[in-house]
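What follows is the residue order along each chain.
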Amino acid sequence: DDMELVKGAPSGRRRYLDVMLSQADHRYLRALQRYTKVVVQRNALLKRVGEGSSRREELAYWDEELARDGAAIFVSRAAALGQIALHATAAHARLSGERELLGVAYEPRFVDAWTAGRIAAADPVEIASALLERLQATRARDIGAGVSLTGPHRDDFALTLGGESASSFASRGQQRTAALALRLAEARFLHEASGEQPVLLLDDVLS
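In short, a report on the structure. Keep in mind it's a predicted model, so treat the numbers as computed, not measured. (Residues numbered from 1 in each chain as written. Predicted model: local features only at pLDDT ≥ 70, side-chain atom pairs only at ≥ 80, totals over all residues. Heavy atoms only, no water.)

## Thoughts on the overall build of the protein chain
Selection rule: Secondary structure elements follow DSSP: runs of H or I of four or more residues count as helices, runs of E of two or more count as strands, with numbering from the N terminus. Radius of gyration here is computed from C-alpha atoms only, and the compact-globule reference equals 2.2 Å multiplied by the residue count raised to the power 0.38. Here's how the labels work: a residue is buried when its accessible area is under 20% of the maximum for its type, exposed when over 50%, partly exposed in between, all with a 1.4 Å probe on protein chains only. Contact between two residues is taken to exist if any of their heavy atoms lie within 4.5 Å; hydrogens are not considered. A 1.4 Å probe and the Shrake-Rupley method give the accessible areas. Residues count as covered only by the protein chains that appear here. By the counting scheme adopted, Arg and Lys are positive, Glu and Asp are negative, and His together with the chain ends is not counted. For the purpose of locating charges, the reference atoms are NZ of Lys, CZ of Arg, CG of Asp and CD of Glu.
The helix and strand tally for the protein chain stands at nine helices and three strands. Order of helices (α) and strands (β) in the protein chain, N terminus to C terminus: α-α-α-α-β-α-α-α-β-β-α-α. Whereas a compact globule of 207 residues would reach a radius of gyration of roughly 17 Å, the protein chain reaches 19 Å, a difference of no more than 12%. Counting only C-alpha atoms and orienting by the principal axes, one finds that the protein chain spans roughly 60 × 35 × 30 Å. Evaluated residue by residue, the protein chain yields a buried proportion of 42% over its 207 residues. Residue pairs in contact within the protein chain that sit at least 24 positions apart in sequence constitute 74% of those at least 6 positions apart. Surface exposure of the protein chain reaches about 11,100 Å², of which carbon and sulfur atoms provide 51%. Here the protein chain holds 27 positive side-chain charges and 28 negative ones, and the gap between their average locations is 3 Å.

## Observations concerning the nonpolar core
Grouped burial of nonpolar side chains is what soluble globular proteins tend to show. Note the threshold: Definition used in this section: a nonpolar core is a set of buried Ala, Val, Leu, Ile, Met, Phe, Trp, Tyr and Cys residues joined via side-chain atoms within 4.5 Å.
Ranked by size, the top nonpolar core spans 49 residues in total, and within it Val104, Ile127 and Leu182 carry the most contacts. Among the secondary structure elements, those contributing two or more residues to this core are helix H1 (4-7), helix H2 (10-24), helix H3 (26-51), helix H4 (59-95), strand S1 (102-107), helix H6 (124-137), strand S2 (156-161) and helix H9 (172-194). Tallying contributions element by element places H4 first for this core, with 13 residues. Residues within four places of isoleucine 127 in sequence aside, it is in contact with Ala71, Phe74, Val75, Phe110, Trp114, Ile119 and Ala122. Counting residues in each nonpolar core, the second largest holds five residues, with Leu45, Leu46, Leu59 and Ile143 among its members.

## Some points on the pattern of salt bridges
Worth spelling out the cut-off: Just to be clear on terms, a salt bridge is a Lys or Arg side-chain nitrogen sitting within 4 Å of an Asp or Glu carboxyl oxygen.
On inspection of all chains with the given rule, the structure shows 14 salt bridges. Taking the shortest distance from any N to any O, the salt bridge between arginine 183 and aspartate 2 comes out at 2.8 Å. In this pair, arginine 183 is assigned in helix H9 and aspartate 2 in the segment before H1, connecting sequence segments 181 residues apart. Assessed through its relative accessible area of 24%, arginine 183 is described here as partly exposed. A relative accessible area of 30% places aspartate 2 in the partly exposed class. Across the pair arginine 77 and aspartate 155 runs a salt bridge, and its minimum N-O distance is 2.9 Å. Highlighted residues: arginine 77 in helix H4 and aspartate 155 in the loop between helix H7 (139-145) and S2, separated in sequence by 78 residues. As far as the burial class goes, arginine 77 and aspartate 155 line up, both buried.

## Digging into the packing of H2 against H3
Note the threshold: Lines fitted to the C-alpha atoms define the axes, with helices restricted to the stretch that makes contact. Angles between their N-to-C directions range from 0 to 180 degrees. In this scheme, roughly parallel covers angles under 35 degrees and roughly antiparallel covers those over 145, while 65 to 115 is roughly perpendicular and the rest are oblique. The classification used treats Ala, Val, Leu, Ile, Met, Phe, Trp, Tyr, Cys and Pro as nonpolar, Asp, Glu, Lys and Arg as charged, and all other residues, Gly among them, as polar.
Their axes nearest at 5 Å, the elements H2 and H3 cross at an angle of 130°. What the angle tells us is that H2 and H3 run oblique. Packed against H2, whose contacting residues are Asp18, Leu21, Ser22 and Ala24, the element H3 presents His26, Tyr28, Leu29 and Leu32 at the interface. Residues that form the contact of H2 with H3 fall into these classes: five nonpolar, two polar and one charged.

## As for the packing of aromatic side chains
Put simply, the rule is: When two rings of Phe, Tyr or Trp (its six-membered ring) have centres within 6.5 Å they constitute a pair, described as stacked for plane angles under 30 degrees, edge-to-face for angles over 60, and tilted for the intermediate range. Charge-over-ring contacts are defined here by two conditions on Lys NZ or Arg CZ: a distance within 6 Å of the ring centre and an angle within 35 degrees of the ring normal.
Applying the stated criterion across every chain, the model contains four aromatic pairs. Arranged with centres 4.9 Å apart and planes meeting at 40°, the rings of phenylalanine 74 and phenylalanine 110 form a pair that is tilted. Here phenylalanine 110 lies in the loop between S1 and helix H5 (116-121) and phenylalanine 74 lies in helix H4, a separation of 36 residues in the sequence. In this structure, arginine 118 is placed above the aromatic ring of tryptophan 114, and the distance from its NZ or CZ to the ring centre is 3.7 Å.

## Concerning unusual backbone geometry
Non-glycine residue glutamate 98 carries a positive phi angle of around 60°. Inspection of the secondary structure puts glutamate 98 in the loop between H4 and S1. What makes glutamate 98 exposed here is its relative accessible area of 67%.

## Focus on the pairing of S1
Keep this limit in mind: For two strands to be treated as a pair, DSSP must find no fewer than two bridges joining them.
Side-chain alternation along S1 places Leu102, Val104 and Tyr106 on a buried face and Gly103, Ala105 and Glu107 on a face that remains uncovered. With six bridges joining them, S1 and S2 adopt antiparallel strand pairing. Residue pairing in the sheet places leucine 102 in a bridge with leucine 161 of S2.

What follows is the structure, given as structure tokens:
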């Protein structure tokens, strides 16, 4: 199933990040739990506003809640993926005999001018302010869609081999190696975060 980290939908890669970060940081887990509930509430309100049964002004409260917890998630993911990228690239180089270069790049659903590096180094309050401004600016679009189109619930990260998309151009064996590199990077990340060495269980080792 880990092959889906490379070739599957963004939701699987978000789950990889969420499970890893929730083990390393209980504050992240709490922010994620609150955020998930807020997105559900805001989406329900967006639909009611689109149907004319609720007022647009009611979105203000949920925008602020989404921005606050969303900012914490953005910062944590950006910082973590910076480390994961280094660990995964190193692991992949060992696995492939340094024949290929694995790239891992965070793709936040945020404001274009905010790069992953800028997000990782920013104060969450600053991120929350920028996210709130973005939510207000795109409110009409969200109402039309009936869902929240901006925020970490729509994040992804890109995997490349030699600069080419791993999901589109890598062979099955290359995708398997990239997926293994991500799991090795996760184990390294959790070891550094907790001081405890994780146990890594591999199924079908020879393949």
